[in-house]
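These are the residues of each chain, in order.
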There are 2 protein chains.
Amino acid sequence: MLKELPLIETQLEASFEKYEKKFKALADKKRLQIMNILTEQGSTCVCDLVPIVGMPQSKLSYHLKILLDADIIIKETKGTWSYYEINMKEVNHILSEELCCLFKPANS
Amino acid sequence: MLKELPLIETQLEASFEKYEKKFKALADKKRLQIMNILTEQGSTCVCDLVPIVGMPQSKLSYHLKILLDADIIIKETKGTWSYYEINMKEVNHILSEELCCLFKPANS
DNA sequence: CTCTTAAATCAATTATACTTGATCTTATCA
DNA sequence: TGATAAGATCAAGTATAATTGATTTAAGAG
């Protein structure tokens, strides 16, 4: 029989797991670079992203999926193109204003 | 000869590396639990932390070091005891107010 | 239907990170 | 000085994550 935790503890555990996933997604400089580019460029398709970030397409897809699964970016498919953009609402919920600035162009 | 990047790019790269390290430190539910306990209890020594977090001492030391190296917690040694506490200033610089609440007791 | 292009997925490799138990270091106290 | 207790570190094993190149899927265009 499993030990039952008080509600407050199970809620906390669930929060920790949720944020673990989000922080894992953020814990990679290449993904931070992708986020920075998406914030500067707005919605961008993968084929345009490849030359900008300078990584092979399969690698980029891999990192985009991690950000997408963590709800940090949003995907919109148009025909054979996939457009990705920052999920600003979510990012603002997680990061400080100071840090959100990292993902905004200097002149904004 | 190395390609020279514009200053703005090298600065961004440096930022990405800095935050990669901090997010990596945050990207683990056990470390989030440790942070939560430290925030609730305030400065706490390792020997008191062991039974609370329920992990072997060497494992706890390992995770505390990762948080310490990322400047997310602060260490103070008193004799043979090591007291750790949250570096609230740093945490507030990184995380949203909403998220900082995760690390505060419900009644504060 | 066939060809092309965009993008996702797969399998195999490589690289990091975490866990474990033992050992080492240092401070305190008898 | 010798014993003890706190906590850091180490080495070996295990588990995850990232990289790579090839393959697959699906949407046009002709």
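Residues numbered from 1 in each chain as written. Chains lettered and ligands numbered in written order. Predicted model: local features only at pLDDT ≥ 70, side-chain atom pairs only at ≥ 80, totals over all residues. Heavy atoms only, no water.

The name an unreviewed UniProt entry assigns to chain A is Metalloregulator ArsR/SmtB family transcription factor, from the organism Chengkuizengella axinellae.

## What about the packing of helix α3 (residues 46–53) of chain A against helix α4 (residues 57–69) of chain A?
Residues and elements named next belong to chain A. Viewed as axis vectors pointing N to C, α3 and α4 meet at an angle of 105°, and their least axial separation amounts to 10 Å. Classified by the interaxial angle, the pair formed by α3 and α4 is roughly perpendicular. Of the residues in α4, those in contact with Val46, Leu49, Val50 and Val53 of α3 are Gln57, Leu60 and Leu64. Residues belonging to the contact of α3 with α4 are distributed by class as follows: 6 nonpolar, 1 polar and no charged. (Axes fitted to C-alpha atoms, helices over the stretch in contact; angles between N-to-C directions. Helix = DSSP H or I, 4+ residues; strand = E, 2+ residues; numbered from the N terminus. Parallel < 35°, antiparallel > 145°, perpendicular 65-115°, else oblique. Contact = heavy atoms within 4.5 Å. Nonpolar A, V, L, I, M, F, W, Y, C, P; charged D, E, K, R; others polar.)

## Some points on the pairing of strand β3 (residues 81–86) of chain B
Residue and element names in this part refer to chain B. As defined by bridge partners, strand β1 (residues 44–45) adjoins β3 across 2 bridges and the pair is classed as antiparallel. Bridged to cysteine 45 within β3 is tyrosine 83. In the sheet, strand β2 (residues 73–78) pairs with β3 via 6 bridges, with the strands oriented antiparallel. What sits directly across from threonine 77, in β3, is serine 82. Connecting β2 to the antiparallel partner β3 that follows it, the hairpin turn spans 2 residues, and glycine 79 within it adopts a positive phi of roughly 60°. (Pairing = 2+ DSSP bridges.)

## Some thoughts on the environment of Gln41(A)
Its place among the elements puts Gln41(A) in helix α2 (residues 29–41). Each C-alpha atom of the pair Gln41(A) and Lys104(A) lies 9.7 Å from the other, and the pair is 63 residues apart in sequence.

## Thoughts on the sheet that holds strand β1 (residues 44–45) of chain A
Residue and element names in this part refer to chain A. Strand order in this open sheet of 3 strands is β1-β3-β2, and the pairing throughout is antiparallel. The open sheet has two free edges, formed respectively by β1 and β2 (73–78), since each of these has just one partner strand. Relative to strand β3 (residues 81–86), α2 is tilted by about 95°, and along the sheet it contacts β1, β2 and β3. Lying on the sheet, α4 is in contact with β2 and β3; it crosses β2 at an angle near 115°.

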